[in-house]
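One letter stands for each residue in the lines below.
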Amino acid sequence: MKLQRKNRRALALGVLAVSGALALTACGSDDTGGKSGSDGGSTAASKSSVKCDGAKGQLLADGSSAQKNAIDAWVKQFSQACGVQINYKGGGSGAGVTAFTQGQVAFAGSDSALKPAEVTASQKVCTGGGQGIDLPMVGGPIAIGYNVSGVDNLVLDAPTLAKIFDDKIKTWDDPAIKKLNPNAKLPSLKIQAFHRSDESGTTDNFTKYLKAAAPSDWTYSGGKAWQAKGGQAAPQSSGVAQQVKQTNGAIGYFELSYAKDVSTVALATGAAAPVKATVENATKAIADAKVAGTGKDLALKLNYNTKAEGAYPMVLVTYEIACDKGNKADTLPATKAFLRYIASQDGQNLLSQHDYAPIPDAIIGQVRTTIEGLS
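Now for a quick tour of the structure. (Residues numbered from 1 in each chain as written. Predicted model: local features only at pLDDT ≥ 70, side-chain atom pairs only at ≥ 80, totals over all residues. Heavy atoms only, no water.)

1. Some thoughts on unusual backbone geometry
Using the following cut-off: Under the scheme used here, helices are H or I runs from DSSP no shorter than 4 residues and strands are E runs no shorter than 2 residues, and both carry numbers assigned from the N terminus. Burial status follows relative accessibility: with a 1.4 Å probe on protein chains alone, a residue under 20% of its type maximum counts as buried, one over 50% as exposed, and anything between as partly exposed.
Even without a glycine there, the phi angle at Gln236 is positive, about 60°. Turning to its location among the elements, Gln236 is positioned in helix α10 (residues 236-246). Phi angles above zero are rare outside glycine, and Asp355 is one such case at about 65°. As for its placement among the helices and strands, Asp355 is situated in the loop between α13 (345-349) and α14 (361-372). Given the relative accessible area of 22%, Asp355 is considered partly exposed.

2. Looking at the nonpolar core
The line we're drawing: Side-chain atoms within 4.5 Å link the members of a nonpolar core, which is a set of buried Ala, Val, Leu, Ile, Met, Phe, Trp, Tyr and Cys residues. Residues are treated as being in contact if the distance between any of their heavy atoms lies within 4.5 Å.
By size, the foremost hydrophobic cluster in this structure holds 99 residues, and its most contacted members are Trp74, Phe78, Met137, Leu161, Phe165 and Ile251. Examining the composition of this core, we find that 8 residues originate from one element, strand β4 (residues 132-147), more than from any other. Apart from residues no more than four positions distant in its own chain, Leu161 is found in contact with Ile144, Leu156, Tyr209, Leu210, Ile251, Leu267 and Met314. Core analysis: the next-biggest nonpolar cluster, separate from the first, contains 10 residues, Leu114, Val119, Cys126 and Cys323 among them.

3. Observations regarding the packing of aromatic side chains
Threshold: Pairing of aromatic rings covers Phe, Tyr and the six-membered ring of Trp, with a centre-to-centre limit of 6.5 Å; geometry is then stacked below 30 degrees between planes, edge-to-face above 60, and tilted otherwise.
One pass over the structure, following the stated rule, counts 11 aromatic pairs. When the ring of Trp218 is compared with that of Trp226, the centres are 5.7 Å apart and the planes differ by 55°; the resulting orientation is tilted. Judged by its relative accessible area of 3%, Trp218 is buried. Take Trp226: its relative accessible area is 14%, and that puts it in the buried class. Here a set of aromatic residues connected by ring pairs shows up, and it is made of Phe165, Phe206, Trp218, Tyr220, Trp226 and Tyr253.

4. So, the pairing of strand β8 (residues 250-255)
The line we're drawing: What makes two strands pair is DSSP finding at least two bridges between them.
In terms of burial, β8 is a largely internal element, 6 of the 6 residues being buried. Note: strand β6 (residues 192-196) against β8, 3 bridges, orientation parallel. Following the sheet pairing, Gln192 is matched in β8 by Ala250.

5. Concerning the packing of helix α4 (residues 68-82) against helix α12 (residues 332-343)
To be explicit about the condition: Here an axis means a line fitted to C-alpha atoms, over the contact stretch when the element is a helix, while the angle between two N-to-C directions is reported on a 0 to 180 degree scale. What sets the label is the angle itself: under 35 degrees gives roughly parallel, over 145 gives roughly antiparallel, 65 to 115 gives roughly perpendicular, and the rest give oblique. Crossing handedness: left-handed means the near helix sits turned counterclockwise from the far one by under a right angle, and right-handed means the same turn made clockwise. Residue polarity follows a fixed list, in which Ala, Val, Leu, Ile, Met, Phe, Trp, Tyr, Cys and Pro are nonpolar, Asp, Glu, Lys and Arg are charged, and the others, Gly among them, are polar.
Between α4 and α12, the least distance of the axes is 11 Å, while the angle of their chain directions is 115°. Judged by the inter-axis angle, α4 sits roughly perpendicular to α12. The two elements α4 and α12 cross, and the hand of that crossing is right-handed. In this structure, α4 contributes Ile71, Trp74, Val75, Gln77 and Phe78 to the contact, and α12 contributes Ala334, Ala337, Phe338, Tyr341 and Ile342. Of the residues assigned to the contact of α4 with α12, the class counts are 9 nonpolar, 1 polar and no charged.

6. With respect to the environment of Ala113
Its location among the elements puts Ala113 in the loop between β3 (107-110) and α6 (116-122). With 22 residues separating them along the chain, Ala113 and Leu135 place their C-alpha atoms 8.9 Å apart. Setting aside chain neighbours within four positions, we find Ala113 in contact with Glu118, Asp134, Ala299 and Tyr319.

7. Focus on the pattern of salt bridges
Operational definition: One side-chain nitrogen of Lys or Arg within 4 Å of one carboxyl oxygen of Asp or Glu is enough to make a salt bridge.
Tallying each qualifying case throughout the model produces 10 salt bridges. Here the residues in one salt-bridge network are Asp53, Arg340 and Glu372, joined through shared partners.

8. Some points on the side chain of Thr264
Within the secondary structure layout, Thr264 lies in strand β9 (residues 263-264). In contact with Thr264, other than residues within four places in its own chain, are Ala143, Ile144, Gly145, Tyr146, Leu154, Ala259 and Lys276.

What follows is the structure in structure tokens.
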């Protein structure tokens, strides 16, 4: 009987020891991080690493539709960890910058850096001598999607794209397209080129590429508003992608994350082989960017005419725009916590799961330092 009691006591002590070890392991899970979950997000261990730091309430934001899929993934993780509601409209870069300079949103997303006039306008809402600054947060390729029956692989170069979107090449069997695709069965089908109807940083970056790589064929000044003649317009990246999907003969530009079930063009850049629109190939091009902003502004200068092997030059970088100082007191904690999270390693790691390119380490390190100084 005494032996049985001793055995039961030993067993109980063993259970307690195992339980204690498991508890210590759970307490230390923040340090080890978590593996990617089946829903494309992070596990609870990773979520618990989000620093809420007094974040509360709601945040209103607007801007780039290019980053909308990334923002949605980030908001899901951040809101679960901190309980903050973030309403990001994704109405386009132009709408976002306007909303920011009018004091309607806590932060904005834009695929183009603030222009001098927009910085001046931001000084009215960023109190105490503050102003809007650009924080590069999302990278990725601008894909050229097309819908041509019987054509699964298509190569185009900058001059040919410029002529297509300027209504100078009108059918898919044009000699310029045939020359780039000698083995393709190109139909005598009308080209229907779709561009953005709203002011868009995607348009700005797409036309910057055309200006840099085909200056004699694309003579427009560029900007967020579409300037070329001809073509058809659709709102936001999702609208252009939808039109391409449902229209035989269509071609349009949008971020890779919107290119689901759409064939995309490989670019002939002057490298040894045409380059596809992939996250990896876009990262090679973004890594060549230089910080062009001054002070706390981290606007980048991209090399749209790179001929480096495997570098996809038609890229964009989306900036989050916030006041360097003079942010509203009621939204500053949540704004700062959310920006800190999306610039963190966990936040950046989420991007590639949604067909975006993380910002290179040397640049995102500067972004993290700048966010900590927001006031």
